[in-house]
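# A closer look at the structure
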Amino acid sequence: MQKAELYFRSKYLSTCAIILSIIVLFNCCDDDEIFNPVMDIENFISPLPRVAPVPENNPLTSEKAELGRLLFWDPVLSGNKDVACATCHHPGQGYADGLDISIGIGGSGLGESRKGTVLAKRNAHTVLNSAFNGIDKDGITYPLNSPMFWDNRAMSLEEQALLPILSKEEMLGNAIHESVIYDTIVGRLSAIPEYRQVFKRVFGTDAINIDRIANAIASFERTLITSNSPFDRYLRGDRSAMTPQQIDGMNAFVNVGCAACHSGPMFSDFKLHTLGIPDNPKLPDTDDGNGNYAFRTPSLRNLSLTAPYMHNGMHTSLMEVMNFYEEISEGDDHVTNDHVNRNEIAPLARRLDMEDDATNEIIAFINALNDPDFDRAIPVKVPSGLQVGGKISN
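Everything numeric here is computed off the predicted structure, so don't read it as measured data.

On to the packing of aromatic side chains, then. The final tally for this structure, using the stated rule, is 11 aromatic pairs. Here phenylalanine 231 and phenylalanine 365 contribute two aromatic rings whose centre-to-centre distance is 5.7 Å and whose plane-to-plane angle is 75°, an arrangement assigned as edge-to-face. Of the two residues, phenylalanine 231 is situated in helix α10 (residues 230-235) and phenylalanine 365 in helix α14 (residues 359-367); the sequence distance between them amounts to 134 residues. Positioned above the aromatic ring of phenylalanine 149 is the side chain of arginine 153, whose terminal nitrogen or guanidinium carbon lies 3.8 Å from the ring centre. Over the ring of phenylalanine 374 we find arginine 376, and its NZ or CZ is 4.0 Å from the ring centre.

One pass over the full model with this rule turns up 10 salt bridges. A salt bridge links aspartate 375 to arginine 69; its shortest N-O distance comes to 2.7 Å. Of this pair, aspartate 375 sits in the segment after α14 while arginine 69 sits in helix α3 (residues 62-73), placing them 306 residues apart in sequence. Take aspartate 375: its relative accessible area is 25%, and that puts it in the partly exposed class. Put simply, arginine 122 and aspartate 287 hold a salt bridge, and the shortest N to O gap is 2.8 Å. Taken together, the residues arginine 122 in the loop between α4 (85-88) and α5 (157-166) and aspartate 287 in the loop between β1 (272-274) and β2 (294-296) connect sequence positions 165 residues apart. Assessed through its relative accessible area of 11%, arginine 122 is described here as buried.

What follows concerns the nonpolar core. In this structure, Ile45, Phe231, Met250, Phe253 and Phe365 are the most contacted members of the largest nonpolar core, which totals 43 residues. Mapped onto this core, the elements with two or more residues apiece are α10, α11 (244-255), α12 (318-329) and α14. Top contributing element to this core by residue count: α12, with 6 residues. With sequence-adjacent residues up to four places away left out, phenylalanine 253 is seen in contact with Ile45, Cys258, Ala259, His262, Phe267, Leu300, Ile362 and Phe365. Membership of the second largest hydrophobic core comes to 40 residues, among which are Ala161, Phe199, Ile213 and Ala214.

Contact pair α3 / helix α9 (residues 210-221): the axes reach a minimum separation of 7 Å and the direction vectors enclose 100°. It follows from the interaxial angle that α3 and α9 lie roughly perpendicular. Contact residues: Lys64, Ala65, Leu67, Gly68, Arg69, Leu71 and Phe72 in α3; Ile213, Asn215, Ala216, Ile217, Ser219, Phe220 and Glu221 in α9. Of the residues contributing to the contact of α3 with α9, the split by class is 8 nonpolar, 3 polar and 3 charged.

Basis of the calculations
Residues numbered from 1 in each chain as written. Predicted model: local features only at pLDDT ≥ 70, side-chain atom pairs only at ≥ 80, totals over all residues. Heavy atoms only, no water. Phe/Tyr/Trp six-rings, centres within 6.5 Å; stacked < 30°, edge-to-face > 60°. Helix = DSSP H or I, 4+ residues; strand = E, 2+ residues; numbered from the N terminus. Lys NZ or Arg CZ within 6 Å of the ring centre and 35° of its normal. Salt bridge = Lys/Arg side-chain N within 4 Å of Asp/Glu carboxyl O. Buried < 20%, exposed > 50% of the residue type's maximum accessible area, 1.4 Å probe, protein only. Core = buried A, V, L, I, M, F, W, Y, C linked by side-chain atoms within 4.5 Å. Contact = heavy atoms within 4.5 Å. Axes fitted to C-alpha atoms, helices over the stretch in contact; angles between N-to-C directions. Parallel < 35°, antiparallel > 145°, perpendicular 65-115°, else oblique. Nonpolar A, V, L, I, M, F, W, Y, C, P; charged D, E, K, R; others polar.

Below you can see the structure in the form of structure tokens.
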């Protein structure tokens, strides 16, 4: 037999085996029984690695991460020196901000107490575990090919770190043009002796440029990992780490089809899907995402810390999210965006087989993905001398 024929026959048999395993997964139980085959579960969801991958061109050091922490909290990076990365990504809110739509320039306060009139258009993603964005079901991550933001417009933490600085609503403002804001920031930092000293200690010279700024912030963000949730411990062998209700919820999560999109160690396929979330009435215009109202599947880790949910914060609780999906699966169009037809909603969402008595169990399982043990340290001061985290009060 020719090598080519052997190869294609092998690929065919492998494909058939995968298909058969999936068929068995969804049909191996009686109607009134929730299955518990851990090996099958691991075909869809798996523990998070304990260490995040690092790109070769930006090796991680503790000194670089600490520099990134200072930059993350220093409003000197914003056009009007009033907004920091931490303004919308605060450890007190799981490195999100607790708001449905983030408040950008000109506002004051942090987290849910923040006030202001300029909205940043979307709900703030948590920074926790963002170093694992793009991770596949086998636990493999390519740090320079990791989708970021609700619309996947950046593909690495280094690229993501700089884009909010260009956004008029988020950090740029109107006083400085986006074509010169990077040079302006570099000039500001270069004029601060403490920053020059720290950059020299980290990079070998005191030269400050935009790439070094991005590398430092990305390095800090790679240290924000939560990989020891009850779910992680359970699949690593500690069968007492999850409650019976959470275990039932894990099985139901796969059974009803949630894991079709919320898969892998981060519980996300990192793809864009159209769900037809209603527009947030706070926004003056509809948000059509990539043009057809598709947004990235968010991670489900640490959700209890990062409400409200969806790209525009339209759901305030996990129960509301579950009810939304149930109504979509039942064909209830009134829950969706007026600009989205039912046949435009992702087929995987329309085909969900929501079990009447599984909602509480699935929510219990999602809560088993929480790990509150993460770095919450806030600098006492930042080298610019500005208010740590941005403007606190008017």
